[in-house]
Amino acid sequence: MSEMIENTGMDRQKLKTFILETYPASADRPWLQYPNYEVFRHSSNQKWFAVIMDLPKSKLGLQGEERVDAVNLKCGPILAGSLLMENGFFPAYHMRKDSWITAALDGSVADDKIKMLLDVSYQATAPKVRKKRADSV
């Protein structure tokens, strides 16, 4: 007898909880006309590292107008290009396509991959540490 394995995947609430428990970040809803869009920012520099949205499937190039939860994450162009070959990833919605990616939160992307990309995005938007220049004599 085979066991049934339930794969609920990363959904919107799980992701929000994970972000707020893992990173020193805040969430806000900057657009009145899109009350379900949440932006997650660094506490220190206020830069965005994740945007959770609900979009019509057609905005991701899919058939239909039903809404799907998704997250925008910052990453490099090589990583973004390779992710587009995988199920559940799309060119960034309303962000620079070369440095952001949209991932569906419908179970098509593994939790671990979303968490890894979230970390990449968080690090990419973190405040830059500047080295002190040695004064020349």
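Up top is the structure these notes are about.
Residues numbered from 1 in each chain as written. Predicted model: local features only at pLDDT ≥ 70, side-chain atom pairs only at ≥ 80, totals over all residues. Heavy atoms only, no water.

S.K.: Could you give me a rundown of the sheet that holds strand β4 (residues 67-74), with the residues and numbers involved?
M.R.: By definition, the strands of a sheet pair up through backbone hydrogen bonds, in either a parallel or an antiparallel sense. Here six strands make up an open sheet; going across it, the order is β1-β2-β3-β4-β6-β5 and the pairing antiparallel. Only two strands of the sheet have a single partner each, and these edge strands are β1 (25-28) and β5 (89-91). In this sheet, adjacent strand axes meet at a mean angle of 25° when their direction is disregarded. Here β4 runs beside strand β6 (residues 100-104); their pairing, made up of five bridges, is antiparallel. Bridging across to β6, asparagine 72 finds its partner in threonine 102. Packed on one face of the sheet, helix α1 (residues 12-22) meets β1, β2 (38-42), β3 (48-56) and β4 and runs near 170° to β3. (Pairing = 2+ DSSP bridges. Helix = DSSP H or I, 4+ residues; strand = E, 2+ residues; numbered from the N terminus. Axes fitted to C-alpha atoms, helices over the stretch in contact; angles between N-to-C directions. Contact = heavy atoms within 4.5 Å.)

S.K.: Describe the packing of aromatic side chains, naming the residues involved and giving the relevant values.
M.R.: Ring pairs (aromatic) are described by centroid distance and by the angle formed between their planes. Across all of its chains, the model carries seven aromatic pairs by this definition. Here phenylalanine 49 and tyrosine 122 contribute two aromatic rings whose centre-to-centre distance is 4.9 Å and whose plane-to-plane angle is 85°, an arrangement assigned as edge-to-face. In this pair, phenylalanine 49 is assigned in strand β3 and tyrosine 122 in helix α3 (residues 111-124), connecting sequence segments 73 residues apart. Among the aromatic residues, those joined into a cluster by ring pairs are Phe18, Tyr23, Phe49 and Tyr122. (Phe/Tyr/Trp six-rings, centres within 6.5 Å; stacked < 30°, edge-to-face > 60°.)

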